[in-house]
Amino acid sequence: MNLVNYSLKNRVTVLFFMFILIVGGVLAYTKMGKLEDPTFTIKTAMVVTAYPGASAHEVDQQVTRVVERAIQAAEEVESIKSLSRPGQSIIWVNIYEYNRTDKIQQLWDILRRRVGEVQGKLPPQAGPPIVMDDYSDVFGIFLALTGEGFSYAELKDYAEFMKRELVLVKDVKRINLVGERTEVINVGISRAKCSGAGISPVSIVKTLSSQNRMLASGAVNCGDARVRISETGSFEGPKDIENLIISSPGGAQIRLDELARVSRAYLDPPEPFIRFNGKPAIGLAISAANGANVVEMGLAVENRIEQMSARLPVGLEVHEVYFQSKFVKRAINAFLTNLGESVGIVLAVLLITMGIRSGLIISANLILSILATLVVMFAWGIDLQRVSLAALILVMGMIVDNAIVVVDGALTGIKKGEEKEKSISGIARQTALPLLGSTVIAALAFIPIYLAPINTGEYCASLFQVVAIALMASWVLAMTQTPVFGYYLLKVKPGKKTITDEKSLFHCLYKTLLRATLRHRLLTLLVMLVFLASGFAGLNLVSKIFFADSDKPQFFIDYRLPQGSRIQALSRDLAKAEKYISGLKEVKNHTACLGQSAPRFAAAITPEPHDPAYGQIVVSVHDYRKIDELAQNLEKWFAQNLPRGELHITKYISGPKSDYRVEARFTGPDPKVLRDLAEKTKHIMKKSGLAKNITDDWKQRILVLKANYSQQKGPQARVERKDLTNTLLSLTDGLTVTSFRENDKLIPIKVRLGDANLEKLAFSPVWGSQGRATTMGQVTNRQSLSWEDPIVRRYNRRRVIRAQCDPVEGVTSNGLLEQIQGKIEALPLPEGYHLEWEGEKELSDKGNKGVGTYLPLSLILMLVILVMLFNGVRQPLIIALVVPLATVGMAAGLLITGEPFGFLAMLGAYSLIGMLIKNAVVLLDQIKIETQAGKPALRAVIDSSVGRMRPVLMASITTILGMIPLLTDAMFSSMAVTIMFGLAFATILTLIVVPVLYTLFFGIKTKAA
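Along each chain, residue indices are assigned from 1 in the same order as the chain's sequence is written. The model is predicted, so local features are restricted to residues of pLDDT at least 70 and side-chain atom pairs to those at 80 or more, both for listing and for counting; the totals for chains, interfaces and linings are taken over all residues. The side-chain numbers reported here are obtained from all heavy atoms of the structure, hydrogens and water having been left aside.

Colleague: Let's hear about the overall build of the protein: which residues, and what values?
Modeller: Of the regular secondary structure elements, the protein holds 34 helices and 30 strands. Viewed in the frame of its principal axes, the protein has a C-alpha envelope of about 125 × 75 × 55 Å. Sorting the 1009 residues of the protein into buried and exposed places 54% on the buried side. Residue contacts follow a heavy-atom distance rule, with two residues in contact if any of their heavy atoms lie within 4.5 Å. In the protein, the share of contacts with a sequence separation of at least 24, taken over all contacts with a separation of at least 6, comes to 81%. Surface summary for the protein: the accessible area is close to 44100 Å², and the carbon and sulfur share equals 56%. Every helix listed is a DSSP run of H or I at least four residues long, and every strand listed is a run of E at least two residues long, numbered separately from the N terminus. The buried label applies to any residue whose accessible area, calculated with a 1.4 Å probe on protein chains only, is under 20% of its type's maximum; exposed applies above 50%, and partly exposed to all values in between. Each accessible area value is a Shrake-Rupley result obtained with a 1.4 Å probe; residue values ignore everything except the protein chains displayed when judging cover.

So this is what it looks like as structure tokens:
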């Protein structure tokens, strides 16, 4: 091609551009973003609507269903999940995963308009619905602030100070405080003292409310000026509240502190709070701006905290629960080590097998290809992260394929006596199109994942991008740098034998084997069929997963008490667990979140809604390999010491994560029938002996006390329904009447009439708006205890319940599902009820379907290129028959190493298609060239196979050995095993099967072989 001739004639220009490439590659590496995992948008928003006083079923019917109808009409909505509980509706809106980041905000704006239009259809006391499109934000830094001897209020003040300072750091987007407790002013009214003074608690409530309002006082004229009048009689402290004068109906006046006890405390029942290593703490969750360099932001945050530490009092400590930048640095360093090892391995192989001069030429091609890839990655905005670095390692051996073919061909020509420049330019021009075609085909093998309309496609997009960039860069350099370097370095001493000699022992052994297989073609093909059948049979024996566990040294303990439990009971239980965990030598630190889960500080985390019966402990360990052993130990401890709670221990995984690994989803109208189906399913799960953590997502029913206000008795006693609810609030959680303003804080003032007694509630006094008192029993028809559902869930507007479990140790979710799926699907379903599978099965099916969507396109494009390369269909057909041979090695490798076949192993299988096609193209193209040169057909097949044996083997060996560093990576080990074993077996078989099939398809007689 002209590119080759130009390069050889303008060698200085080529060398200059190589220098520019080296400088550009180094600069690109220093400037490009560095992340632990690829950035991708979680395409979920949350819509929250309050409906105070309503039961879960009332919220479901009157709020959730109405809002869901409006959401369904919004654009690009894929699914809707909702949770209705007393007083609140929560709806999760998932948009189609094929929508990329740049379109997301527009879709949330449309959703917000749709939801806003529904307010008029809701009950007057409900709403407004709030669209939380920041629900998907990832807080890459989670800190805990503790202080021995400091109150929560003091901790909060210092946390607010840190928030104000840290939000100014470059690339910090948002900071949320986690676990802050709300201060309140409690006014505990003595009913006995009020009765003795003839003052109704209603009078106290009215006085508190009216005396603390912020009101405008106007302005007075003063000449040509207007002077604003500021009336400053509002409460300035609890003492002002105590000194408030209350008037009795008879005209007597008395101070509030003679009737009530005023105290400053924290909200009771408590709001969610956190502890770090058992100490009270307040968390700071910090998210990064879009496109931020996480490592640089993390360093800036660390520096700012260090600067602030001088301004913080002694005793206050800032602890790291999760610091993404440090995880990123660790992951990047580990991957760069792997990358360096991979480069070193490939270079060593090249230098040993190709000789010093040839090895240096090909090694230069490898290094320059990597540098060129870094330049394009930087220009394209591709960060260095787990997937892009893995792609560089994956493509390492494939990069050198083109240069190997050119150098090997040039050496062969020179040994035959050709002039060096002519030999180099001749082989480069001769192989340029076939190598370009096979390079494009190798890249096309990865395009299904890039185009996949799912989150996994967005997560793994850089896999295709980096592979395509690197392969195309290697081809360009093979047509430019390799000829130029070959001109200067290639040299063969007359009479010296090398491994390229066709009379070498290696070549002679292969030629002997090839002749034997050609003479016995049918027997050879029969043996290959047996191998192929064994490969497919072996794959059926390989365990199946979706994504492998991650290597992050951290895991989660979810703990639930029965629904309706108090958060104080949860706190006591988790305090015991925290004390035990603190004594484990494998544990670095632990953070307990009570009444809530930790914020989303990693993309794989799904935050739990607030629930006083739920808590989570985030446990950091020194070595991630100890997590499984620790989890088993903790499961036994919880079973023995905290048996009433429901335990669920989870780890990070290297991809999308489900709540439980196996989930059966039942939909239908009747909650009772749904619960019954879930119970039967849980029984099957338990009976299998392979499941643990068996539960459902409606949880236990709870007791509710129903006080039925009488529309006849109430008005007669001059007690309105609002008076009854206000009295009940003041007897239980406290009635908020106003707020105390302190600087920038609003502290609620709550009136309390003592603690309600469940048995004597009917005799509790109720005051009407006019101050007259009566008993609760006189304004209600009855009071009764009953059971109700604390949670009602919906999926795509149908009521839904999920029966959930995890497999026991040593069993995969796929293995568990195989045992129970048939029995669960055999359960009789009433009309209108449906069963679907969620969990890892749904994620896996969705992922495989998403990748498979564009697999036909990829295969068609490959076929088109092959037909254009050979101007025929027989050669492409031969290649198509050879590719399945990779299953032999894949099955053997996965079974030998014990690696499961998951999503990334499937990607490895796809990549094998491109690699094997490339090898076959190199071989078939040489047969075509030698046949067109006039050689007898059989001799052309044998000579071409022997002549191209080394490039084919070298291309495979460098790829296989270059993958070795990925064997130790928890995420990519299965992909590495798939490629290494699959390519090794398939390459050997290809060198036999391609010549055999060629002679059959082209009618070449082989008896003379």
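Colleague: Please set out the domain arrangement of the protein residue by residue, giving values where relevant.
Modeller: For the protein, the domain assignment lists domain 1 (3-31 + 355-490 + 506-547 + 845-1002), domain 2 (43-135) and domain 3 (549-652). For every domain, the bounds stem from an assignment made automatically or drawn from a database. One C-alpha centre belongs to domain 2, the other to domain 3; they are set 30 Å apart. Opposite the four residues of domain 2 that make contact, domain 3 presents five residues. Both sides together, the interface formed by domain 2 and domain 3 hides about 360 Å², and carbon and sulfur atoms give 47% of it. By convention, the term buried area covers the 1.4 Å-probe accessible surface removed from two parts as they join, with the contributions of both added. In terms of surface lost to domain 3, no three residues of domain 2 exceed R85, W92 and Y135, which account for 89% of the buried area on that side.

Colleague: So what about the side chain of Q563? Which residues, and what values?
Modeller: Checked against the element boundaries, Q563 lands in the loop between β16 (554-560) and α21 (567-582). Once residues within four sequence positions are removed from consideration, Q563 is found in contact with D611, A613, K699, Q700, I702, P790 and I791.

Colleague: Outline the confidence of the model for the protein, listing residues and values.
Modeller: When pLDDT is averaged across the protein, the result is 87; 98% of the residues are at 70 or more. What pLDDT expresses is the predictor's confidence in each residue, scored from 0 to 100. Within the protein, strand β18 (residues 614-621) carries the highest mean pLDDT (96), whereas helix α10 (residues 324-354) carries the lowest (78). Here residues 495-500 scores under 50 on pLDDT; set against residues more than four positions off or in separate chains, the count is 12 contacts.

Colleague: Tell me about the side chain of S425, and name the residues and values.
Modeller: For S425, the position within the fold is in helix α14 (residues 420-444). S425 gets classed as buried once you look at its relative accessible area, which sits at 8%. When sequence neighbours within four positions are dropped, the list of residues in contact with S425 reads V4, N5 and L8.

Colleague: Lay out a nonpolar patch on the surface with the relevant residues and their values.
Modeller: Each patch is built from salt-bridge-free residues with over 30% relative accessible area, joining like charges within 9 Å and nonpolar side chains (Val, Leu, Ile, Met, Phe, Trp, Tyr) within 5 Å. For this analysis, a salt bridge means a side-chain nitrogen from Lys or Arg found within 4 Å of a carboxyl oxygen belonging to Asp or Glu. Together, F16, F17, F19, I20, V23 and L27 make up an exposed nonpolar region whose accessible area comes to about 600 Å². Within the secondary structure, L27 sits in helix α2 (residues 11-31).

Colleague: Run through unusual backbone geometry, naming residues and quoting values.
Modeller: With an omega dihedral of 5°, the bond running from G127 to P128 counts as a cis peptide bond. Following D268, the chain continues into P269 via a peptide bond in cis, with omega recorded as 5°. With respect to the helices and strands, the residue P269 is situated in the loop between β12 (260-266) and β13 (273-276). Even without a glycine there, the phi angle at E76 is positive, about 65°.

Colleague: Before we move on, could you go through the environment of L885 and cite the residues and values that matter?
Modeller: Considering the arrangement of structural elements, one finds L885 in the loop between α29 (874-882) and α30 (886-897). L885 gets classed as buried once you look at its relative accessible area, which sits at 4%. Placed 834 residues apart in sequence, L885 and Y51 show a C-alpha to C-alpha distance of 62 Å.

Colleague: Would you mind going over the packing of aromatic side chains in detail, with residue names and values included?
Modeller: Classification of ring pairs rests on two measures: the distance between centres of Phe, Tyr or Trp rings, Trp counted by its six-membered ring, which must be within 6.5 Å, and the angle between planes, read as stacked under 30 degrees, edge-to-face over 60 and tilted in between. Within the structure shown, the criterion is met by 14 aromatic pairs. Through pairs of rings, three or more aromatic residues link up here, namely F142, Y322, F556, F601 and Y652. Consider the ring centre and the ring normal. A charge sits over the ring if Lys NZ or Arg CZ is within 6 Å of that centre and within 35 degrees of that normal. Above the face of the Y487 ring, R11 is positioned so that its terminal group lies 4.0 Å from the ring centre. The ring of F273 carries the charged tip of R181 above its face, separated from the ring centre by 5.6 Å.

Colleague: A description of the packing of helix α11 (residues 356-380) against helix α12 (residues 386-399) should follow, citing residues and the corresponding values.
Modeller: Lines fitted to C-alpha atoms define the axes, with helix axes restricted to the stretch in contact, and inter-axis angles between N-to-C directions lie between 0 and 180 degrees. Packing of α11 against α12 brings their axes to within 11 Å, and their N-to-C directions diverge by 145°. Pair α11 / α12 crosses with right-handed handedness. The residues of α12 that touch α11, namely those facing N365, L366, S369, I370, T373 and M377, are S388, L392, M396 and I399. Definitions for this section: a left-handed crossing has its near helix turned counterclockwise from the far helix by less than a right angle. A right-handed crossing has that turn clockwise.

Colleague: Explain the nonpolar core to me, using residue names and the numbers behind them.
Modeller: The definition of a nonpolar core used throughout is a set of buried Ala, Val, Leu, Ile, Met, Phe, Trp, Tyr and Cys residues joined through side-chain atoms within 4.5 Å. L366, L394, I879 and I917 are the most contacted members of the largest nonpolar core, which has 156 residues in total. Here the element with the most residues in this core is helix α31 (residues 903-932); it accounts for 17 residues. Apart from the residues within four sequence positions on either side, I917 is in contact with I441, M862, L866, I879 and V883. Core analysis: the next-biggest nonpolar cluster, separate from the first, contains 51 residues, L316, I581, A631 and F638 among them.

Colleague: So what's going on with the packing of α29 against helix α34 (residues 973-1001)? Residues and values would help.
Modeller: It is the contact of α29 with α34, at a shortest axis distance of 10 Å, that shows an interaxial angle of 140°. You can see that α29 and α34 cross each other, and the crossing is right-handed. Across the interface between the two elements, R874, L877, I878, L881 and V882 of α29 pack against T990, V993, V994, L997, Y998 and F1001 of α34. Here the contact of α29 with α34 is composed, by residue class, of nine nonpolar, one polar and one charged. Classification convention: Asp, Glu, Lys, Arg as charged; Ala, Val, Leu, Ile, Met, Phe, Trp, Tyr, Cys, Pro as nonpolar; all other residues, Gly among them, as polar.

Colleague: Residues and numbers for the sheet that holds strand β7 (residues 183-189), please.
Modeller: Between any two strands, at least two bridges found by DSSP are needed for them to pair. The four strands are arranged β12-β7-β24-β23 in an open sheet whose pairing can be described as mixed. Each edge of the sheet is formed by a strand with only one pairing partner; in this case those strands are β12 and β23 (735-742). Looking at each pair of strands side by side, their axes are set apart by 25° on average, direction ignored. With seven bridges joining them, β7 and β12 adopt antiparallel strand pairing. Across the sheet, I185 pairs through a bridge with R264, a residue of β12. In this fold helix α7 (residues 201-211) packs onto β7, β23 and β24 (745-752), with an angle of close to 30° to the strand it touches most, β23.

Colleague: Outline the pattern of salt bridges, listing residues and values.
Modeller: Evaluation of the coordinates by the stated rule reveals 49 salt bridges. The closest approach of N and O atoms between R644 and D573, which form a salt bridge, is 3.3 Å. With R644 in the loop between α22 (627-641) and β19 (646-651) and D573 in helix α21, the pair connects residues that are 71 residues apart, well separated along the chain. With a relative accessible area of 48%, R644 lands in the partly exposed category. Residue D573 is classed as buried on the basis of its relative accessible area of 5%. K682 is paired through a salt bridge with D696; the nearest N and O atoms lie 2.7 Å apart. Residue K682 is located in helix α23 (residues 671-688), and its partner D696 is located in strand β21 (residues 691-696); the two are separated by 14 residues in the primary sequence.

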